[in-house]
Amino acid sequence: KFGMKYRHNRYQLIRTISVCFFQLIFAYLIPAFLIKMNQPEFYFTYFWPLKKEMLFPIDLNYLYQSGELGKFMVWWAVIIAFIGVPILTYFFGKRWYCSWVCGCGGLAETVGDPFRQLSDKSLKAWKIEKNLIYSILLLVVILTILLWLNSLWSGKVLGSFSLSYSKIYGFLIGSVFSGVIGTGFYPILGSRVWCRFGCPQAAILGLLQKHFSKFRITTNGGQCISCGKCSTYCEMGIDVRAYAQNGKDILRASCVGCGICSAVCPRGVLKLENK
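Cut-offs and rules
Residues numbered from 1 in each chain as written. Predicted model: local features only at pLDDT ≥ 70, side-chain atom pairs only at ≥ 80, totals over all residues. Heavy atoms only, no water. Phe/Tyr/Trp six-rings, centres within 6.5 Å; stacked < 30°, edge-to-face > 60°. Buried < 20%, exposed > 50% of the residue type's maximum accessible area, 1.4 Å probe, protein only. Helix = DSSP H or I, 4+ residues; strand = E, 2+ residues; numbered from the N terminus. Lys NZ or Arg CZ within 6 Å of the ring centre and 35° of its normal. Salt bridge = Lys/Arg side-chain N within 4 Å of Asp/Glu carboxyl O.

Caption draft 1: Expanded view of the packing of aromatic side chains. By the definition in use, this model includes 14 aromatic pairs. Here F92 and W100 contribute two aromatic rings whose centre-to-centre distance is 5.9 Å and whose plane-to-plane angle is 55°, an arrangement assigned as tilted. The class for F92 is partly exposed, based on a relative accessible area of 31%. Taking 5.2 Å as the distance between ring centres and 75° as the angle between the ring planes, the aromatic pair formed by F177 and W194 counts as edge-to-face. One end of the pair, F177, is in helix α8 (residues 161-184); the other, W194, is in helix α10 (residues 193-197), and 17 residues separate them in sequence. An aromatic cluster of at least three residues, connected via ring pairs, comprises F42, F44, F72 and W76. Positioned above the aromatic ring of W126, the side-chain terminus of R252 is 4.0 Å from the ring centre.

Caption draft 2: Focus on the environment of S151. Within the fold, S151 resides in helix α7 (residues 123-152). Residue classification places S151 among the partly exposed residues on the basis of a relative accessible area of 37%. With 20 residues separating them along the chain, S151 and N131 place their C-alpha atoms 30 Å apart.

Caption draft 3: A look at the pattern of salt bridges. A full pass over the atoms with the stated rule returns nine salt bridges. We note a salt bridge from E109 to R116, for which the minimum N-O separation is 3.3 Å. The same class applies to E109 and to R116, which are both buried. Residue R116 pairs with D113 through a salt bridge whose shortest N-O separation is 3.2 Å. Using a relative accessible area of 6% as the deciding quantity, one classes D113 as buried. Sharing partners across several salt bridges, the network here consists of K5, R15, E109, D113, R116, R192 and E235.

Caption draft 4: Just unusual backbone geometry, in detail. A cis amide bond links W48 to the next residue, P49, at an omega of 10°. We note that N38 has phi near 60°; this positive angle belongs to a residue other than glycine. Relative to the helices and strands, N38 is located in the loop between α2 (10-36) and α3 (57-64). Here the phi dihedral of S226 falls at roughly 60°; this positive angle occurs in a residue that is not glycine. When you line up the elements, S226 lands in the loop between β1 (215-219) and α12 (229-232).

What follows is the structure, encoded as structure tokens:
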């Protein structure tokens, strides 16, 4: 349905095909095949801080000791998280993951597309967004460090809490926030609720995009007729029109580079570019 709606926009078709490909192959078929071959289940499209296994040394040790394939999985997780993410974000912005690979983003763009205009564009929502998403990122970073120290020092840091944390994290973040609220609240808060307010991966990508990336959405303010379609359909709550009217490039940490603002602009004011 999304593809048919934007069938005349090459960029929308490419990124929709891309996210479907990565989810079908890397997030579904490969993990299912691994299980059939009696190998550890592994999702190649998720990594720290989204991938819970990266928080717990015991999980990585299990993978590393399961054979050559397990060692490859561990090195893949480390390299993509700490080397691949900065490099890809430098060249393509956070859109390489949030709009081309991530399942949550793909679901928001397709199932959530009819509700994208419901995203709150107010300054208050922006403040809540920044405070919430960076607080969650900070919490994940601190707990990751504590869990690894706890493992190195034989449980002297957190003790049995590390097991409780695994259950709490899985339920509150994995199920309630990213699942029930992140998806079920599309008709209330608009699409990308999880991506905007909770995803620690999006927070990291956003910081890299804002301060180090070549990607931005450029504007031609002289052509803007202030119709407001760009702001209306921005699922991340960005007042795109304000940037366009002032002739400023859109370089916001929250922007996922979906390109819908450019697609709905009747004057071609907005362009997705790598400077």
